[in-house]
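These are the residues of each chain, in order.
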Amino acid sequence: MPTEFELRQRNAQFANRARAGKNPVKPSRQERLAKRSPISLWALGAILFVVVGGAYINNMYMVDIRRVKRSK
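Residues numbered from 1 in each chain as written. Predicted model: local features only at pLDDT ≥ 70, side-chain atom pairs only at ≥ 80, totals over all residues. Heavy atoms only, no water.

**Details of the overall build of the protein**
Worth spelling out the cut-off: Secondary structure elements follow DSSP: runs of H or I no shorter than four residues count as helices, runs of E no shorter than two count as strands, and numbering proceeds from the N terminus. Three labels apply to residues, based on accessible area from a 1.4 Å probe with only protein chains included: buried if under 20% of the type maximum, exposed if over 50%, partly exposed otherwise in between. Only the protein chains shown count as cover for residues, and all accessible areas are computed by the Shrake-Rupley method using a 1.4 Å probe. In this charge count, Lys and Arg are treated as positive and Asp and Glu as negative; neither His nor the chain ends contribute. The atom standing in for a charge is NZ when the residue is Lys, CZ when it is Arg, CG when it is Asp and CD when it is Glu.
Within the protein, the secondary structure is distributed over three helices and zero strands. Put simply, the protein runs from its N terminus to its C terminus through helices and strands in the order α-α-α. Dimensions of the protein along its principal axes, counting C-alpha atoms only, are 90 × 25 × 15 Å. The burial tally for the protein puts 1% of its 72 residues in the buried class. When the accessible surface of the protein is split by element, carbon and sulfur atoms take 61% of a total near 7400 Å². Averaged over its 15 positive side-chain charges, the protein has a centre that lies 14 Å from the centre of its 4 negative ones.

Take a look at the structure:
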C-alpha cells in the first residue's frame with residue numbers, strides 16, 4: 001500500500017501533466033492494440049521484397065526478349 005507521501009506526490013504529478021495539456025493517463029492495452037498495424041513489419045518487408053523482385057525480374061525478361069527480337 002503506498003504511503004500518503006507517495007499518493008500526494010503522484011497526485012501532484014498527475015495534476016502537473018493535466019495542466020500541461022499532456023494525456024495524464026497511460027492508454028490501455030486495448031487502445032494501444034487498436035493503433036497497431038494488422039501486419040507486422042517483417043511480413044510487410046517480405047511482401048515488398050516479392051513484389052519488387054518480381055517486377056525487376058519481369059523487366060529483365062522483357063529487355064532480354066527485345067534483344068532476341070532485334071538480333072533476328
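What follows picks up the thread again.
**Observations concerning the pattern of salt bridges**
In plain terms, the rule: For salt bridges, the criterion is a side-chain nitrogen of Lys or Arg within 4 Å of an Asp or Glu carboxyl oxygen.
Per the counting criterion, the structure on display carries one salt bridge. Between Glu4 and Arg8 there is a salt bridge, and its shortest N-O distance comes to 2.9 Å. Here Arg8 and Glu4 lie together in helix α1 (residues 4-19), a separation of four residues that amounts to about one turn. The pair formed by Glu4 and Arg8 is uniform in burial state, with each residue classed as exposed.

**Quick notes on α1**
Selection criterion: Here the expected span of a helix is defined as 1.5 Å times the quantity of residues minus one.
Under the 1.5 Å per step criterion, the end-to-end length of α1 is 22 Å for 16 residues, consistent within 8% with the ideal 22 Å. Trailing α1 by a residue or two, Gly21 shows a phi angle of about 90°, which is positive.

**A short note on the domain arrangement of the protein**
For clarity, the cut-off: Residue ranges for the domains trace back to a domain assignment, done automatically or taken from a database.
Entries for the protein in the domain assignment read domain 1 (1-36) and domain 2 (39-71). The C-alpha-based centres of domain 1 and domain 2 are spaced at 50 Å.

**Some points on a positive patch on the surface**
Heads up, the rule is: Patch criteria: residues need more than 30% relative accessible area and no salt bridge. Like-charged residues are merged within 9 Å; nonpolar side chains of Val, Leu, Ile, Met, Phe, Trp and Tyr are merged within 5 Å.
Together, Arg10, Arg17, Lys22, Lys26, Arg29, Arg32 and Arg36 make up a positively charged patch on the protein surface. Broken down by secondary-structure element, the contributors of at least two residues to the positive patch are α1 and α2 (29-35). Along the chain, Arg32 falls in helix α2. A relative accessible area of 48% means that Arg32 is categorised as partly exposed.

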